[in-house]
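The primary structure of each chain is shown beneath.
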Amino acid sequence: MSIATKRGDSGQTGLAGGVRVSKSDLRVETYGTVDELNTVLGFARSICQDGQIKEWTEQIQRTLFRLGSNLATPPESKQQPPRIGSEDVEYLTELVHQIEATEGLVSDWSLPGAHPEAAAYEMARTTCRRAERAVVRFIESGGQVDPSVLAYLNRLSDLIWLFGRLLEVQAGVDSSLRNAQHPGARWSRAW
């Protein structure tokens with residue numbers, strides 16, 4: 001059997017359980033953006049030299065497959081969606097606290113691009129935020145989503161930001177937005 005089924009040639013796609021919808025459907029947008037996030041994280045992982053961050057990233061990618069499948073399963077499907085639970089969110093929260101305790105971690109806005117591996121994680125972070133916005137739009141349009149999905153994506157974007165900062169600390173790179181020419185109060189508006 002070929003992956004080129006031609007069933008999508010007319011602008012329709014199949015959700016889990018065989019339900020057909022337009023490729024422009026908000027549900028498709030949500031899980032498609034999560035798929036994009038997974039791909040961008042995969043790129044970041046492929047160039048990352050830190051074994052622990054690579055391992056964490058791979059585990060997150062596996063969870064994102066489950067999360068995407070959860071979003072791709074409509075309520076009318078005969079299939080049960082894979083569950084995203086509070087334990088998935090708590091795992092990310094624990095990693096956030098662990099990395100935040102790192103000495104020298106930037107505690108203010110950072111300027112993306114100071115380090116190649118960190119920049120790749122910054123791209124993943126912005127993709128994660130877009131996925132989160134897509135899920136919010138879907139919910140606001142009446143879509144049903146496991147409550148932990150939104151919390152997971154919110155926590156994940158924080159964690160991905162921290163991955164970038166940790167990589168910079170390990171490389172001795174300072175990506176702080178503030179400097180002598182651009183001082184400002186911590187977490188204040190950029191300028």
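Below: a short report on this structure. (Residues numbered from 1 in each chain as written. Predicted model: local features only at pLDDT ≥ 70, side-chain atom pairs only at ≥ 80, totals over all residues. Heavy atoms only, no water.)

## Notes on the layout of surface pockets
One simple way to see leftover space: roll a probe sized like a water molecule over the atoms.
Line of reasoning, step 1. As a volume, the second largest pocket reaches approximately 150 Å³.
Line of reasoning, step 2. If you trace the second largest pocket, you find 13 residues lining it, with Thr73, Pro74, Pro75, Pro81 and Gln144 closest to the centre.
Line of reasoning, step 3. Class assignment of the residues belonging to the lining of the second largest pocket gives a composition of five nonpolar, six polar and two charged. (1 Å grid on protein atoms, 1.4 Å probe; cavity = no way out; pocket = protein on both sides within 12 Å on 5 of 7 lines; lining within 4 Å. Points joined across faces, edges and corners; volume = space filled by probe spheres on them. Nonpolar A, V, L, I, M, F, W, Y, C, P; charged D, E, K, R; others polar.)

## So, the environment of Gln80
Line of reasoning, step 1. Relative to the helices and strands, Gln80 is located in the loop between helix 2 (51-71) and helix 3 (86-100).
Line of reasoning, step 2. Here Gln80 falls in the exposed class, since its relative accessible area comes to 73%.
Line of reasoning, step 3. Placed 10 residues apart in sequence, Gln80 and Asn70 show a C-alpha to C-alpha distance of 8.5 Å. (Helix = DSSP H or I, 4+ residues; strand = E, 2+ residues; numbered from the N terminus. Buried < 20%, exposed > 50% of the residue type's maximum accessible area, 1.4 Å probe, protein only.)

## Some thoughts on the pattern of salt bridges
Line of reasoning, step 1. Tallied over the entire structure, the rule returns 10 salt bridges.
Line of reasoning, step 2. With a shortest N-O distance of 2.7 Å, Arg83 and Glu87 are connected by a salt bridge.
Line of reasoning, step 3. Two residues, Arg129 and Asp158, come together in a salt bridge whose shortest N-O distance is 3.4 Å. Taken together, the residues Arg129 in helix 4 (residues 116-140) and Asp158 in helix 5 (residues 147-171) connect sequence positions 29 residues apart.
Line of reasoning, step 4. Taken together, the shared-partner salt bridges connect Glu122, Arg125, Arg165 and Glu168 into one network. (Salt bridge = Lys/Arg side-chain N within 4 Å of Asp/Glu carboxyl O.)

## Some remarks on the packing of helix 1 (residues 26-47) against helix 2
Line of reasoning, step 1. Direction vectors running N to C along helix 1 and helix 2 enclose 165°, while the axes themselves pass 9 Å from each other. When the axes of helix 1 and helix 2 are compared, the pair comes out roughly antiparallel. Classified by chirality, the crossing of helix 2 by helix 1 is left-handed. On the side of helix 1, the interface is formed by Arg27, Thr30, Tyr31, Val34, Leu37, Asn38, Leu41, Gly42 and Arg45, while helix 2 contributes Lys54, Thr57, Glu58, Ile60, Gln61, Leu64, Phe65, Leu67, Gly68 and Leu71.
Line of reasoning, step 2. Residues of the contact of helix 1 with helix 2, tallied by class, amount to nine nonpolar, six polar and four charged. (Axes fitted to C-alpha atoms, helices over the stretch in contact; angles between N-to-C directions. Parallel < 35°, antiparallel > 145°, perpendicular 65-115°, else oblique. Left-handed = near helix turned anticlockwise from the far one by under 90°. Contact = heavy atoms within 4.5 Å.)

## Concerning the packing of aromatic side chains
Line of reasoning, step 1. Under the counting rule described, the total for this entry stands at two aromatic pairs.
Line of reasoning, step 2. With centroids separated by 5.6 Å and ring planes inclined at 85°, the aromatic side chains of Tyr121 and Phe163 adopt a geometry described as edge-to-face. Placement of the pair is Tyr121 in helix 4 and Phe163 in helix 5, with a sequence separation of 42 residues.
Line of reasoning, step 3. Exposure remark for Tyr121: the relative accessible area of 0% places this residue in the buried category.
Line of reasoning, step 4. Accessibility expressed as a relative area gives 0% for Phe163, which makes it buried.
Line of reasoning, step 5. In this structure an aromatic cluster arises from ring pairing among Trp56, Tyr121 and Phe163. (Phe/Tyr/Trp six-rings, centres within 6.5 Å; stacked < 30°, edge-to-face > 60°.)

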